[in-house]
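Letter by letter, the chains look like this.
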Protein chains: 2
Amino acid sequence: MALVVIGGVAAGLSAAARARRISPHLEIVVLEKGPVISLGACGLPYFVEGRVRQASDLIVYTPEYFRKQRNIDVRTGSRVVTVSHPRREVTLESGERVRYEHLVIATGARYDTCAIASLPEHVFTLHTLDDATRLRAFIRDKHPRHAAVIGAGYIGLEAADALRRNGLRVTVLERSQQLLLRDDAWWTGLVRHQLNQYGVELRCGVDVRATDFPADVVVFAAGFRPNVELAAEAGIEIGRTGAIRTDDHMETSLRGVYAAGDCAEVGHLVTGRPTWIPLGTTANKTGRVAGANATGGRERFPGIVGTSIVRVFDWAFATTGLTATEARAEGFSPAAVQIEAKSKPGYFGGSKTSVELVADRATRRLLGGSAVGEDGAAGRIDVIATALHSGMRIDQFEQLDLAYSPPYSTVWDPLLIAAQQLIKQL
Amino acid sequence: MALVVIGGVAAGLSAAARARRISPHLEIVVLEKGPVISLGACGLPYFVEGRVRQASDLIVYTPEYFRKQRNIDVRTGSRVVTVSHPRREVTLESGERVRYEHLVIATGARYDTCAIASLPEHVFTLHTLDDATRLRAFIRDKHPRHAAVIGAGYIGLEAADALRRNGLRVTVLERSQQLLLRDDAWWTGLVRHQLNQYGVELRCGVDVRATDFPADVVVFAAGFRPNVELAAEAGIEIGRTGAIRTDDHMETSLRGVYAAGDCAEVGHLVTGRPTWIPLGTTANKTGRVAGANATGGRERFPGIVGTSIVRVFDWAFATTGLTATEARAEGFSPAAVQIEAKSKPGYFGGSKTSVELVADRATRRLLGGSAVGEDGAAGRIDVIATALHSGMRIDQFEQLDLAYSPPYSTVWDPLLIAAQQLIKQL
């Protein structure tokens, strides 16, 4: 009786590898619908850009590696069409059935292109290696001059960046007013500034279909949602976020069936409630926990704080925890502050860095923050994230003993300046 | 009746500025022995290097600024020679007496050049603007070819770096086996590698006086110690570290007399005991607290975790908390792990980054860590420092939701890889 893992990217392979480490003799089967496994999907925009030279550079492991080195049976081109838990078996598109004792569902997420039956040749998503390879070839061979990107989320703006660097005129079309998943003025103002700086046209509140807009090439990056149909049809509970509901052992509502990665909910450590924030880091972590528990372990995934970072041209846009708007919706009484400061001294190329901090008036607890700028944003967002993990109050945060030396920061780090300002408001 | 502050650099001016903000009408006098105030002393090596063009770029504020904008009477060239607390007055070298109600002592620290009565023309310390200006002029005018740096602490290696970048042959002489204040093999191995890489000769276990060693120019950067004579003579208690003992309000053993900055002890949040780790960040923070309390406030300085970072050529050497050796000496039962990982993907210029984590076997609490490498070390050390502030256990640290995107890190951040390795040892 085997452990079967549905999905051979981050979460699925983390689960399989962890299970193998714990159970040297267990039969482990990974079923991947696509032609490749172990795709570093976050690198796809940089392949389109041309920075990553070969598509194969984004493949970390091959099925052969898993077969030979790990004794894990990884099958590509194996799309699971049904899960029958009463019979402990999954059925593949080919009709083949695979029995399991424990099951890990790592079916990921996708862009919602369902409105379009089949995409015209000049319309691309940016989710698989094949997508990126075809888009790259299209740019090289067809010399498109004007690109439309549908969706101003992470992948949308990464794609806009990659296309612009290839010399294309780029228009980003976003149905809502959200840029990089937020619609507050401070954040969207910084995003708009940056797009404008690099000559990317942005149109918000435009509800176009991928085929409507006149452009030589279209990247469709809107409506990202979890692949839960298989789980739902198997009777597995779907949470309010639309992703598979899990407990803190990554177990679903069916005993012995685990879910991990972009298809699954996880707990949010600031709100204490389930959330769906699909990211590679969480996929790897939840995969490990699911894999350990699917072989009899009892590991816990404590949850996330919602940390993300994305590069748009030369700026990092990094955020973690709750925005003031989100905090208010969660019943907190937030105070927020936004500051601008130098990332380090001018003689070390210090540049403008923007920091936002959000804290709860009632408890003075830090609820979230953001850092935007050319350098140091990654480290600063990680400091905020770490503080959120421990439920730190803003008063303690203000006193953090952060590293200082001119090549790296300023004696009053922008985070501490922001904390001082925020405390004045509480 | 005035607030008198002895010392016009980081701690002293922070104290004065904070006091002014709290008490708009209080008379505030700052007595600085040197010719300038508000020196960004951490920038001195970069002035010697030539990166900072003008000495004046390192002066943030002038006495005139404080006089006109803040109504603070800042007097340069005013060396205090005695403090008579019973009479609430200080006496200057000139014989002038200045009365106070509250006193903040921010006398800083110095290199121990007491073995040498007066330094020969080719021997320099690197502590004042005058030191750096004279050294820079010496390099420009005398074209020295071989430099000796005495002391392999932060300033010593920053000076070695600056001199090497000016084309000099550089020999660093260190009496002990400590490099950047540590003598464990992992850390010193990395420092040695880096010095070797850039052609700096290092000799440890050599007890030379500044005048003994044949070199065209000598930078003396050994034996940094707090300036406590004034305080000691006034009957103020000196702690076991050799610095002025303070409570968590930065008050000394004399009521109404505060100490801050490089002359003062502070609490260490990991050991719970007084420590002396003289750094600009702590000077600014303790100055603020001393200034607030010296005007009737009741602010608390919670303490430090001992975070520092220094650049030696293209690598950052960053450390926080306790090393395994220090942890053992403090009665902990430490486990430590050292790993090497990529800071980010190769296609984004990711380079080798070395991380050490130390945790207590008994409580699993994180005790310290280090990060060394070309990029990302500053952010990573700040994450460890933040975790230390909250007394985080390694199990929680392993699950930190850190930001990931290819331009900034790897999906498993080196910190998390190190945490996973360390957990296996516990």
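Rules used in this analysis
Residues numbered from 1 in each chain as written. Chains lettered and ligands numbered in written order. Predicted model: local features only at pLDDT ≥ 70, side-chain atom pairs only at ≥ 80, totals over all residues. Heavy atoms only, no water. Helix = DSSP H or I, 4+ residues; strand = E, 2+ residues; numbered from the N terminus. Expected span 1.5 Å × (residues − 1). Buried < 20%, exposed > 50% of the residue type's maximum accessible area, 1.4 Å probe, protein only. Phe/Tyr/Trp six-rings, centres within 6.5 Å; stacked < 30°, edge-to-face > 60°. Pairing = 2+ DSSP bridges. Axes fitted to C-alpha atoms, helices over the stretch in contact; angles between N-to-C directions. Parallel < 35°, antiparallel > 145°, perpendicular 65-115°, else oblique. Left-handed = near helix turned anticlockwise from the far one by under 90°. Contact = heavy atoms within 4.5 Å. Nonpolar A, V, L, I, M, F, W, Y, C, P; charged D, E, K, R; others polar. Least-squares fit on C-alpha atoms with pLDDT ≥ 70 in both. pLDDT = per-residue confidence, 0-100.

## Observations concerning helix α5 (residues 154-165) of chain A
Residue and element names in this part refer to chain A. In this model α5 runs 17 Å from its N-terminal to its C-terminal C-alpha over 12 residues, within 8% of the 16 Å that 1.5 Å per residue would give. Among the 12 residues of α5, 9 are classified as buried, and the element is accordingly described as predominantly covered. Every buried residue of α5 is accounted for by Y154, G156, L157, E158, A159, A160, D161, A162 and L163.

## Re the packing of aromatic side chains
All names here are of chain A. Considering all chains together, one arrives at 26 aromatic pairs over all chains under this definition. Ring geometry for F224 and W276: centres 6.3 Å apart, planes at 25°, overall stacked. Taken together, the residues span a long stretch of sequence, with F224 in strand β14 (residues 224-226) and W276 in the loop between β17 (274-275) and α8 (280-293) at a distance of 52 residues. Clustering of aromatic rings is evident, with ring pairs tying together W186, W187, W315 and F317.

## Quick word on the pairing of strand β4 (residues 80-84) of chain B
Across a regular strand the side chains alternate sides, sitting on one face of the sheet and then on the other. Pairing between β4 of chain B and strand β5 (residues 89-92) of chain B: 4 bridges, direction antiparallel. Pairing of V83 of chain B across the sheet is with V90 of chain B, part of β5 of chain B.

## What to know about the packing of helix α1 (residues 10-22) of chain B against helix α8 (residues 280-293) of chain B
Residue and element names in this part refer to chain B. Close contact between α1 and α8 brings their axes to 7 Å; oriented N to C, the two are set at 40°. Here α1 lies oblique to α8, going by the angle between them. Crossing of α1 over α8 shows right-handed handedness. Between α1, through A10, A11, S14, A15, R18, A19, R21 and I22, and α8, the contact on the second element is made entirely by A283, N284, G287, R288, G291 and A292. Here the residues of the contact of α1 with α8 are counted per class, giving 7 nonpolar, 4 polar and 3 charged.

## Quick notes on the relation of the copies chain B and chain A
Mapping chain B onto chain A leaves a residual RMSD of 0.0 Å; the transformation is a rotation of 180° accompanied by 0.0 Å of translation along its axis. Read as a symmetry element, the transformation amounts to a two-fold axis. For chain B, the smallest separation between a C-alpha atom and the rotation axis is recorded for G379 of chain B, amounting to 1.8 Å. Comparing interface residues between copies, 100% of those in chain B also sit at the interface in chain A, which points to an isologous, same-surface contact.

## With respect to the confidence of the model for chain A
Per-residue confidence for chain A gives a mean pLDDT of 95; residues scoring 70 or more make up 99%. This complex was scored by the predictor with a pTM of 0.97 and an ipTM of 0.97.

## As for the sheet that holds β5 of chain B
All names here are of chain B. Here we have 3 strands laid out as an open sheet, ordered β4-β5-β6, and antiparallel in their pairing. Strand pairing shows two members of the sheet lacking a second neighbour, β4 and β6 (97-99), which therefore form its edges. Averaged over all pairs of adjacent strands, the angle between their axes in this sheet comes to 20°, without regard to strand direction. For β5 and β6, the ladder comprises 3 bridges, and the chain directions are antiparallel. In the strand pairing of β6, V90 is matched with V98.

## Looking at the environment of A243 of chain A
Relative to the helices and strands, A243 of chain A resides in the loop between α7 (229-233) and β15 (257-259). In the structure, A243 of chain A is positioned 85 residues away from E158 of chain A in sequence and 24 Å away in space, judged by C-alpha atoms.

## Focus: helix α6 (residues 185-197) of chain A
Taking 1.5 Å of rise per residue, the 13 residues of α6 of chain A would be expected to cover 18 Å, and the 18 Å separating its terminal C-alpha atoms lies within 8% of that figure. Positioned one or two residues after α6 of chain A, G199 of chain A has a phi angle of 70°, which is positive.

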